[in-house]
Amino acid sequence: MLQVEPLICNPFAQNTFIVFDGESRSAFAVDAGMYEESERLAFDRFLRQRELKLQFLINTHLHLDHVFGNRFVSETYGVPVYYHQADEFLLPQMKEQGELFGIPIGDIHRCPQSDAAFTGEKTVGFAGREIRLIPVPGHSPGSVLVWLPEETLCFSGDLLFRGGVGRTDLPGGNTAQLKESLRKLKETVPSETRILPGHGLNTTIGNEKKYNPFFI
Ligand SMILES: [Zn+2]
Ligand SMILES: [Zn+2]
């Protein structure tokens, strides 16, 4: 079974995840919220201490709190950054997004123009498993689920939280699409699946079906 290390980053308390395979010592990251130097160091220290080799980064979407560390990851580890093309319009707006929230971004917003942008669904292999990237627009046009069916594990980004769902009042947000994406999540991902959201505590699909008023 793969292991997951959460790092809570930046003023938005964003969950950055390092997923790793103890046998092959390979790892990938889900989002890169590292804003402070101490957060970048913590990310790097974890990989070094466990002797893990980072293979790639997947962005669940391109809001600023999920991409502060993109450039650091790309430059430090030389790995591809996967994200859905429908969120690409957000990259040149990072500085303005930062000003909107009173967070100076400096040149941290210069995310690499990655060749790993994709459209539609994408499957990525990792340590003999399948990672399915499934478009779930609504919170942002290019939001995706990062689903590992064999691990009964799903990173929901800012689509689904424990007891809540993502806001739709940010650039490109769409409430009707969000509802449709929640329906897709409910129908596609089995109830026993662990959900690791972009903010807050972990949950399961089954738990949210029972207790989340936006997901019933
Ligand atoms: Zn977001
Ligand atoms: Zn977020």
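Everything here concerns the structure above.
Right, let's walk through the structure included here. Treat the numbers as computed from the prediction; the structure is a model and nothing was measured.

Helices and strands together make up the secondary structure of the protein chain, namely 6 helices and 14 strands. Computed over the C-alpha atoms, the radius of gyration of the protein chain is 16 Å, within 12% of the 17 Å expected from 2.2 N^0.38 for a compact globule of 216 residues. C-alpha atoms of the protein chain, sized along the principal axes, occupy 45 × 40 × 30 Å. Of all 216 residues assigned to the protein chain, the portion counted as buried reaches 41%. Residue pairs at least 24 apart in sequence account for 61% of intrachain contacts in the protein chain once pairs closer than 6 positions are excluded.

Read from one edge to the other, the open sheet built from 6 strands follows the order β1-β2-β3-β4-β5-β6, with strand pairing classed as mixed. One side of each edge strand has no neighbouring strand; the edge strands of this open sheet are β1 (3-9) and β6 (117-118). Of the pairings in the sheet, the one linking strand β2 (residues 14-21) to strand β3 (residues 26-30) comprises 5 bridges and is antiparallel in character. Residue pairing in the sheet places Val19 in a bridge with Phe28 of β3. Contacts between helix α1 (residues 37-49) and the sheet are confined to β1, β2, β3 and β4 (53-58), with β1 contributing the most and set at about 165° to the helix.

This part is about unusual backbone geometry. For residues that are not glycine, phi is negative in most cases, and the peptide bond is trans in most cases. The backbone of Ala127 sits at a positive phi, close to 45°, despite the residue not being glycine. Mapped onto the elements, Ala127 comes out in the loop between β7 (122-126) and β8 (129-135). One non-glycine residue, Thr152, lies in the positive phi region at around 40°. Residue placement: Thr152 occurs in the loop between β9 (144-148) and β10 (153-157).

All right, on to the sheet that holds β9 then. To summarise the sheet geometry, strands pair through backbone hydrogen bonds and adopt either a parallel or an antiparallel arrangement. Here 6 strands make up an open sheet; going across it, the order is β7-β8-β9-β10-β13-β14 and the pairing mixed. The outermost strands of the open sheet, each flanked by one partner alone, are β7 and β14 (203-204). Bridging between strand β13 (residues 194-197) and β14 involves 2 bridges; their strand directions are antiparallel. Paired with Arg194 across the bridge in β14 is Thr204.

Along the chain, Gly142 falls in the loop between β8 and β9. The residues touching Gly142, leaving out its near neighbours within four places in the chain, are His61, Leu62, Tyr83, His84, Gln85, Ala86 and Asp87.

Further remarks concern the nonpolar core. One finds Leu145, Val146, Cys154 and Leu160 to be the most contacted residues of the largest nonpolar core, which totals 50 residues. Residues within four places of Val146 in sequence aside, it is in contact with Val30, Ile58, Thr60, Ile131, Leu133, Cys154 and Phe155.

Looking now at the environment of Leu47. Relative to the assigned elements, Leu47 resides in helix α1. Look at Leu47 and you get partly exposed, because 19 C-beta atoms sit within 10 Å. For the pair Leu47 and Ile18, spaced 29 residues apart in sequence, the C-alpha separation works out to 8.5 Å. Here Leu47 is in contact with Ala27, Leu52 and Leu54, once residues within four sequence places are set aside.

Conventions used here
- Residues numbered from 1 in each chain as written.
- Chains lettered and ligands numbered in written order.
- Predicted model: local features only at pLDDT ≥ 70, side-chain atom pairs only at ≥ 80, totals over all residues.
- Helix = DSSP H or I, 4+ residues; strand = E, 2+ residues; numbered from the N terminus.
- Rg over C-alpha atoms; globule rule 2.2 N^0.38 Å.
- Buried ≥ 20, exposed ≤ 12 C-beta atoms within 10 Å, placed from the backbone.
- Contact = placed C-beta atoms within 7 Å.
- Pairing = 2+ DSSP bridges.
- Axes fitted to C-alpha atoms, helices over the stretch in contact; angles between N-to-C directions.
- Core = buried A, V, L, I, M, F, W, Y, C linked by C-beta atoms within 7 Å.

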